[in-house]
Amino acid sequence: MSDVSRSSPAGIRTAAVIPAAGRGVRLGPGAPKALRALNGTPMLIHAVHAMAASRAVSLVVVVAPPGGAAEVKSLLDAHALPERTDFLVVPGGDSRQESVKLGLDALPPDYDIVLVHDAARPLVPVDTVDAVIEAVRGGAVAVVPALPLADTVKQVEPAATPGEPEPVVATLERALLRAVQTPQGFDRATLIRAHETVTDNVTDDASMVEQLGLTVVVVPGHEEAFKVTRPLDLVLAEAVLARRRLNDGF
Ligand code: CTP
Ligand code: MG
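Residues numbered from 1 in each chain as written. Chains lettered and ligands numbered in written order. Predicted model: local features only at pLDDT ≥ 70, side-chain atom pairs only at ≥ 80, totals over all residues. Heavy atoms only, no water.

Here is the rule we go by: UniProt positions are given in the numbering used here, feature names are shortened, and annotations may be inferred rather than shown by experiment.
The protein chain is annotated in an unreviewed UniProt entry as 2-C-methyl-D-erythritol 4-phosphate cytidylyltransferase of Streptomyces luteolifulvus. Annotation of the protein chain in UniProt includes, under Pathway (unreviewed entry), the sentence "Isoprenoid biosynthesis; isopentenyl diphosphate biosynthesis via DXP pathway; isopentenyl diphosphate from 1-deoxy-D-xylulose 5-phosphate: step 2/6." The Function (unreviewed entry) field of the UniProt record for the protein chain holds the comment "Catalyzes the formation of 4-diphosphocytidyl-2-C-methyl-D-erythritol from CTP and 2-C-methyl-D-erythritol 4-phosphate (MEP)."

## Concerning the UniProt feature "site: Positions MEP for the nucleophilic attack" (unreviewed entry) in the protein chain
Going by this rule: With a 1 Å grid laid over protein atoms only, a set of points is called a cavity when a 1.4 Å probe fits there but cannot get out and a pocket when it is open yet has protein on both sides within 12 Å along at least five of seven lines; lining residues have an atom within 4 Å of a point. Where helices and strands are cited, they refer to DSSP runs of H or I of at least four residues and of E of at least two residues respectively, numbered from the N terminus. Only protein chains enter the accessibility calculation, which uses a 1.4 Å probe. A residue is then buried if its area is under 20% of the maximum for its type, exposed if over 50%, and partly exposed in between.
If you check UniProt for "site: Positions MEP for the nucleophilic attack" (unreviewed entry), the listed places come out as Arg174 and Lys227 in our numbering. Lining residues of the largest pocket, restricted to the annotated ones just named, are Lys227. For Arg174, the position within the fold is in the loop between strand 9 (168-171) and strand 10 (178-180). The class for Arg174 is partly exposed, based on a relative accessible area of 37%. Note that Lys227 resides in the loop between strand 12 (217-220) and helix 8 (231-248). A relative accessible area of 30% means that Lys227 is categorised as partly exposed.

## Things to note about the packing of helix 4 (residues 96-105) against helix 6 (residues 188-197)
Selection rule: Only the stretch in contact is used when a helix axis is fitted, and all axes are lines through C-alpha atoms; the angle between N-to-C directions ranges over 0 to 180 degrees. We call two directions roughly parallel when the angle between them is under 35 degrees, roughly antiparallel when it is over 145, roughly perpendicular when it lies between 65 and 115, and oblique otherwise. Should the near helix be turned anticlockwise from the far one by less than a right angle, the crossing is termed left-handed; should it be turned clockwise, right-handed. Should any heavy atoms of two residues lie within 4.5 Å, those residues are considered in contact. Lys, Arg, Asp and Glu make up the charged group, whereas Ala, Val, Leu, Ile, Met, Phe, Trp, Tyr, Cys and Pro make up the nonpolar group; the residues left over, Gly among them, are polar.
Contact geometry for helix 4 and helix 6: axes closest at 11 Å, N-to-C directions at 135°. Between helix 4 and helix 6, the interaxial angle falls into the category oblique. When you trace helix 4 past helix 6, the crossing you get is left-handed. Facing helix 4, whose interface residues are Gln97, Val100, Lys101 and Leu104, helix 6 presents Leu191, Ile192 and His195. Across the contact of helix 4 with helix 6, the residue classes break down as 4 nonpolar, 2 polar and 1 charged.

## A few points about the site of ligand 1
Cut-off, in case you're wondering: Distances are taken per atom, and a residue is near a molecule or strand as soon as one of its heavy atoms is within 4 Å of it. Polar contacts here mean pairs of N or O atoms no more than 3.5 Å apart (in protein, one a potential hydrogen donor and the other a potential acceptor; neighbouring residues in sequence count only if both atoms are side-chain atoms). We get accessible surface area from the Shrake-Rupley algorithm with a probe of 1.4 Å; when it comes to residues, only the shown protein chains can shield them.
The local shell around ligand 1 holds 18 residues, among which Pro19, Ala21, Val25, Arg26 and Ser99 are the closest. Between Pro19 and ligand 1, the recorded distance is 2.8 Å, taken from a backbone N or O atom to an oxygen atom. One of the backbone nitrogen or oxygen atoms of Gly93 is found 2.9 Å away from a nitrogen atom of ligand 1. In the complex, 87% of the free accessible area of ligand 1, which totals 570 Å², lies under the protein chains. Taken together, the residues of the shell around ligand 1 break down into 6 nonpolar, 5 polar and 7 charged.

## Some remarks on the layout of surface pockets
Definition in use: Grid points are joined across faces, edges and corners, and a volume is the space filled by probe spheres set on the points.
Taken as a whole, the largest pocket spans an internal volume of roughly 760 Å³. Lining the largest pocket are 31 residues, and of these Arg26, Lys33, Arg96, Asp118 and Lys227 sit closest to its centre. With 3 residues, the top contributor of residues to the lining of the largest pocket is helix 4. Tallied by class, the residues present in the lining of the largest pocket amount to 10 nonpolar, 12 polar and 9 charged. Space inside the second largest pocket adds up to approximately 390 Å³. Every residue lining the second largest pocket is counted, 18 residues in all, and those nearest its centre are His46, Leu123, Leu241, Arg244 and Asp248. At the level of secondary structure, the elements contributing two or more residues to the lining of the second largest pocket comprise helix 2 (43-52) and helix 8. Partitioning the lining of the second largest pocket into residue classes produces 11 nonpolar, 4 polar and 3 charged.

## A word on the UniProt feature "site: Transition state stabilizer" (unreviewed entry) in the protein chain
Within the UniProt annotation, "site: Transition state stabilizer" (unreviewed entry) is assigned to Arg26 and Lys33. Checking the named residues against the largest pocket, the ones that line it are Arg26 and Lys33. For Arg26, the location among the structural elements is in the loop between strand 1 (14-19) and strand 2 (37-38). When near neighbours in sequence (up to four residues on either side) are disregarded, Arg26 contacts Lys227, Thr229, Arg230 and Pro231.

Printed below as a string of structure tokens:
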């Protein structure tokens with residue numbers, strides 16, 4: 001068991017920001033992705049509870065879908081968090097980056113470590129959350145959980161004529177590649193500086209810290225921390241929940 005799960009060193013507080021304001025276009029028509037149910041419970045609630053499962057996390061900031069803040073608040077009231085964990089709900093923005101920034105703006109001053117976790121990764125195990133926090137407490141300014149790739153990755157360029165096959169320009173060395181998940185963990189001041197400085201469109205928060213010239217480190221991710229993106233991912237997520245129920249003896 002890691003130190004994180006046993007103790008919370010005096011004075012070091014950790015908050016989790018959960019961007020949940022996306023529409024979920026790739027999942028197909030329906031409610032905003034974060035509000036879609038997995039085994040009867042909205043994905044967002046699973047994600048919030050996954051963060052609150054860490055004893056180190058004392059605040060969860062949920063960045064809600066447009067017009068959905070009131071609904072998210074009542075969902076959170078209906079699915080009680082542990083006594084040690086508070087929550088806040090703020091409305092999101094047009095991009096993930098903007099949504100995370102709005103979540104950071106709502107953070108009270110007394111948090112030194114910030115996790116950023118996709119609502120779309122509802123099933124991340126607590127050990128992964130704790131490993132990320134542990135690495136930030138150990139002095140890293142930015143930490144990402146990541147897994148080696150199963151597929152070979154090739155770089156392509158656009159086809160000369162639209163509709164024609166794309167030519168491959170390079171094959172990247174798979175052993176050096178990692179698929180990056182969330183929660184990503186940060187020294188709070190570093191993450192805020194990254195969000196104030198970097199204006200490029202990015203797909204994760206750690207890459208903004210990389211653009212400041214700082215070192216981002218990797219800890220082992222987990223296959224259950226996959227991102228629910230396309231319809232088949234809903235099937236997989238419900239299968240994971242069913243397996244957990246069996247294993248927990250429910
Ligand atoms: N997100 C957000 N605000 C946005 C866009 C995305 O808070 N304007 C959040 C999503 O809710 C999700 C996370 O960022 O929890 C990762 O994004 P992604 O998986 O791409 O979700 P969506 O953008 O909702 O999905 P899609 O790209 O298929 O529309
Ligand atoms: Mg998206």
